[in-house]
Amino acid sequence: MEPSPPTHRRAGAVALLTVLWLLAALVLLGWTFAIGIQGWADQHGNGGADPAGASRRGSWVLLALYLTAAGGPIVIAVVAFAGRLVRTGTVYLALALLLGAFGMPFGEAAARDLVPPPPVPSGPGGCQEHSGGDTRCPGG
C-alpha cells in the first residue's frame, strides 16, 4: 500500500526542514571556527585587535548555534506531530532533548560571557584616620 499524497507532502516538509536545520547548524559552526581562527591570528600577530570583541562575537555565535541545534529538532517535531508523523516527531523530540542536554554547558557559558560583570566597588571615598592618630588623607 502506497502512502497518500498528503503524507508525501508532510514527509517532504519534514525533510526540507531537516536540510535547512543542518545547513544552518553547519553555517554557524563554520562561523564559530572562523571567529576562532581570526582570534588566534590576532593573538599571534601584530593586528592589535581587541580580544574581548572576538570573544563576544564568538559567544553570540555559540549561543545561536546552541539554540539552533536544540531548537531546530523541536520545530521539526512539531511539524511532524501536526502532520501525524508520530514516530518521526518522537525521534526529533528525543534528538532535541539529547542535543539540548549535551549543549547546555556550552550555551550557558556563552550566555554568561555575554552578560557584563558587575562593576567593581570602589574603595572608601573620604579621609580615614590611620593608626597613630594620623588623619591626613592618603595622597596629600
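Each value, and the rule that gives it
Residues numbered from 1 in each chain as written. Predicted model: local features only at pLDDT ≥ 70, side-chain atom pairs only at ≥ 80, totals over all residues. Heavy atoms only, no water. Helix = DSSP H or I, 4+ residues; strand = E, 2+ residues; numbered from the N terminus. Buried < 20%, exposed > 50% of the residue type's maximum accessible area, 1.4 Å probe, protein only. Areas by Shrake-Rupley, 256 points an atom, 1.4 Å probe, with all protein chains shown as cover. Contact = heavy atoms within 4.5 Å. Bend = angle between axes of the 7 residues up to and from the residue. Salt bridge = Lys/Arg side-chain N within 4 Å of Asp/Glu carboxyl O. Polar contact = N/O pair within 3.5 Å; in protein donor to acceptor, adjacent residues only side chain to side chain.

Turning next to the overall build of the protein. Counting secondary structure elements, the protein contains three helices and zero strands. What you see in the protein, going N to C, is helices and strands ordered as α-α-α. Out of the 140 residues belonging to the protein, those deemed buried represent 21%. When the accessible surface of the protein is split by element, carbon and sulfur atoms take 69% of a total near 10100 Å².

Take the environment of Gly-100 next. By the secondary structure assignment, Gly-100 is in helix α3 (residues 86-114). Between the C-alpha atom of Gly-100 and that of Leu-67, which follows or precedes it by 33 residues, the distance is 8.3 Å. Once residues lying within four places of it in the same chain are set aside, the contact partners of Gly-100 are Tyr-66 and Ala-70.

Moving on: the side chain of Ser-59. Considering the arrangement of structural elements, one finds Ser-59 in helix α2 (residues 51-82). Judged by relative accessible area, Ser-59 falls into the buried class, the value being 5%. Ignoring sequence-local partners within four residues, the contact set of Ser-59 consists of Ala-110, Asp-113 and Leu-114.

The axis of α3 is deflected most strongly, by about 50 degrees, at Gly-103, and proline Pro-105 appears within four residues downstream. For α3, the complete set of buried residues consists of Gly-89, Tyr-92, Ala-96, Gly-100, Gly-103, Gly-107, Ala-110 and Leu-114.

Tallied over the entire structure, the rule returns one salt bridge. The closest approach of N and O atoms between Arg-112 and Glu-108, which form a salt bridge, is 3.7 Å. Pair noted here: Arg-112 and Glu-108 are both in helix α3, with a separation of four residues, about one helical turn.

It is worth spelling out the side chain of Thr-18 at this point. If you trace the backbone, Thr-18 turns up in helix α1 (residues 5-44). A distance of 2.6 Å separates a polar atom in the side chain of Thr-18 from a polar atom in the side chain of Tyr-92. Residues in contact with Thr-18, not counting those within four places in the same chain, are Ile-76 and Tyr-92.

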